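Topology and contacts: notes
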Amino acid sequence: MAKVTILGATGNVGTFAAHTISEIPYVSDMLLVGRPGREHYLAGCCRDLSDSFAARGTDVRLSYSTDLLDAEGSDVIICTAGVPRRADQNRNDLAFENAQITAKTAETIGQCAPDTLLFVVTNPVDVMTAVALKYSGLKPRQVFGLGTHLDSMRLKSLIARYFRVHVSEVHTRIIGEHGDSMVPLWSATTIGGIRISNLPTFSGLPAQEMIDTVKTSGEAIIRDKGATVYGPGEAIATLVRTILGNENRILTVSRYIKREIHGIGDVCIGVPARINRDGVFPIPLSLEEDEIAGFAESVEKIRKITAEVMERLEEAR
Ligand SMILES: NC(=O)c1ccc[n+]([C@@H]2O[C@H](COP(=O)([O-])OP(=O)(O)OC[C@H]3O[C@@H](n4cnc5c(N)ncnc54)[C@H](O)[C@@H]3O)[C@@H](O)[C@H]2O)c1
Ligand SMILES: O=C(O)C[C@H](O)C(=O)O
């Protein structure tokens, strides 16, 4: 059985993630961590969630704290702490502000929970994963971000609708930045195990329109309802279930890569990875020419932003 800790637990994503994670059968303890001053809100969240556990028949020990040191002994720590963007902002606009929060948090986690897996959700997620890796001092297999998993799910849903098939029949991936330079892997997209390009209706597929929709999904949802919650919350639970169930599923998450993909790397970015109780392990891949070029561009973009953020963090210390 496992202890899961959620940071930023008073926020939109943190609160809903607590609900989705509580459904995972391997979770015995859940700790909600918020900022000092938010004790009443945290207590209210715990009571409300406990009611839902009773109604559902879930047996999870739930507690809250404003002291991150209580995360000691966690198997997985999920970091949703930080500012979200407004609809008129790019995720990268949040980089330095959230890096300061993530660096401080990661340092404490490295000291109090050296064996944990640290799961970063805070945006820009690829850059925050690099910050968390550096400042926690944890091993690369222990630190990962939500990356392009949610983007891959968004594309999967659009493809299922276009081909009028059940969403579970579609396998697809987006790699690279969780942002404008993301790269869809049409070469790795199948329906019912059949490569998508071998299907008769493939020629009419509005591929560019679909990827543009995925790129602007977060922004559109934020404009309409203020925050993306259900998509990220379920995506977070999928990853936690994969870890705690030692499932060895291949999901597309942000992870430090050296040069596993066509020699491109030295950055934290969305890549397919095998995920189990020991952490996250990137899968070496063979891509098509245009996919390699797109990925290389995305890596360069994230490497530059990451380097700038790291430099500013060091200056600010
Ligand atoms: N990677 C993804 O796919 C994805 C999806 C959704 C949201 N996000 C990101 O997750 C983060 C949280 O989003 P949200 O909608 O829940 O935001 P929110 O404003 O509802 O919640 C933010 C949480 O962070 C905490 N927080 C803010 N500043 C802090 C600080 N200085 N120190 C400690 N804690 C602090 C708040 O108290 C709150 O609990 C944002 O950065 C958002 O962009 C990422
Ligand atoms: O778009 C955002 O800012 C939130 C998140 O990254 C998302 O894609 O839902």
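Residues numbered from 1 in each chain as written. Chains lettered and ligands numbered in written order. Predicted model: local features only at pLDDT ≥ 70, side-chain atom pairs only at ≥ 80, totals over all residues. Heavy atoms only, no water.

Spelled out, the test is: UniProt positions are given in the numbering used here, feature names are shortened, and annotations may be inferred rather than shown by experiment.
For the chain, an unreviewed UniProt entry supplies the name malate dehydrogenase and the organism Methanoculleus palmolei. The chain has a UniProt comment under Sequence similarities (unreviewed entry) that states "Belongs to the LDH/MDH superfamily." Check the Function (unreviewed entry) section of the UniProt entry for the chain; it says "Catalyzes the reversible oxidation of malate to oxaloacetate."

Section: the domain arrangement of the chain
What counts is decided by this rule: By convention here, the domain bounds are inherited from an automatic or database domain assignment. Working rule for contacts: check all heavy atoms of both residues, and any pair within 4.5 Å makes them a contact. Summed over both partners, the accessible area lost on bringing two parts together, with a 1.4 Å probe, is the buried area.
Segmenting the chain into domains produces domain 1 (2-145) and domain 2 (149-308). Centre-to-centre, using C-alpha coordinates, domain 1 lies 22 Å away from domain 2. Of the residues lining the interface, 36 residues belong to domain 1; the matching set on domain 2 comes to 42 residues. Overall, the association of domain 1 and domain 2 removes approximately 3,300 Å² of surface from exposure, summing both partners, and the carbon and sulfur fraction of that is 69%.

Re the site of ligand 1
For clarity, the threshold we go by: Here a residue is near a molecule or strand as soon as one of its heavy atoms is found within 4 Å of it. We call two N or O atoms a polar contact when they sit within 3.5 Å, provided that within protein one can donate a hydrogen and the other can accept it, with sequence-adjacent residues counted only if both atoms are side-chain atoms. Exposure was quantified through the Shrake-Rupley algorithm and a 1.4 Å probe, taking into account, for residues, occlusion by the shown protein chains and nothing else. Helix and strand definitions follow DSSP, with helices as H or I runs of at least four residues and strands as E runs of at least two, each counted in order from the N terminus.
Neighbouring ligand 1 are 22 residues, the closest being Thr 10, Asn 12, Val 13, Val 83 and Val 121. Contact between ligand 1 and Val 83: an oxygen atom at 2.8 Å from a main-chain N or O atom of the residue. For ligand 1, whose unbound accessible area comes to 850 Å², protein coverage reaches 83%. Counting only elements with at least two residues in the shell around ligand 1, the list comes to helix H1 (12-21) and helix H3 (95-112). No fewer than three residues from each of domain 1 (2-145) and domain 2 (149-308) sit in the shell around ligand 1.

Considerations on the UniProt feature "binding site: substrate" (unreviewed entry) in the chain
Here is the rule: Exposure classes here rest on a 1.4 Å probe applied to the protein chains alone. A residue is buried below 20% of its type maximum, exposed above 50%, and partly exposed in between.
In the numbering used here, UniProt assigns the "binding site: substrate" (unreviewed entry) feature to Arg 85, Arg 91, Asn 123 and Arg 154. Positionally, Arg 85 belongs in the loop between strand E4 (76-79) and H3. Given the relative accessible area of 12%, Arg 85 is considered buried. Reaching out from Arg 85, the side chain makes a polar contact with the backbone oxygen of Gln 89 at a distance of 3.1 Å. Structurally, Asn 123 is set in the loop between strand E5 (117-120) and helix H4 (125-136). Asn 123 gets classed as partly exposed once you look at its relative accessible area, which sits at 22%. Ignoring any residue separated from it by four or fewer positions in sequence, one finds Asn 123 in contact with Arg 91, Leu 94, Asn 98, Met 128 and His 178.

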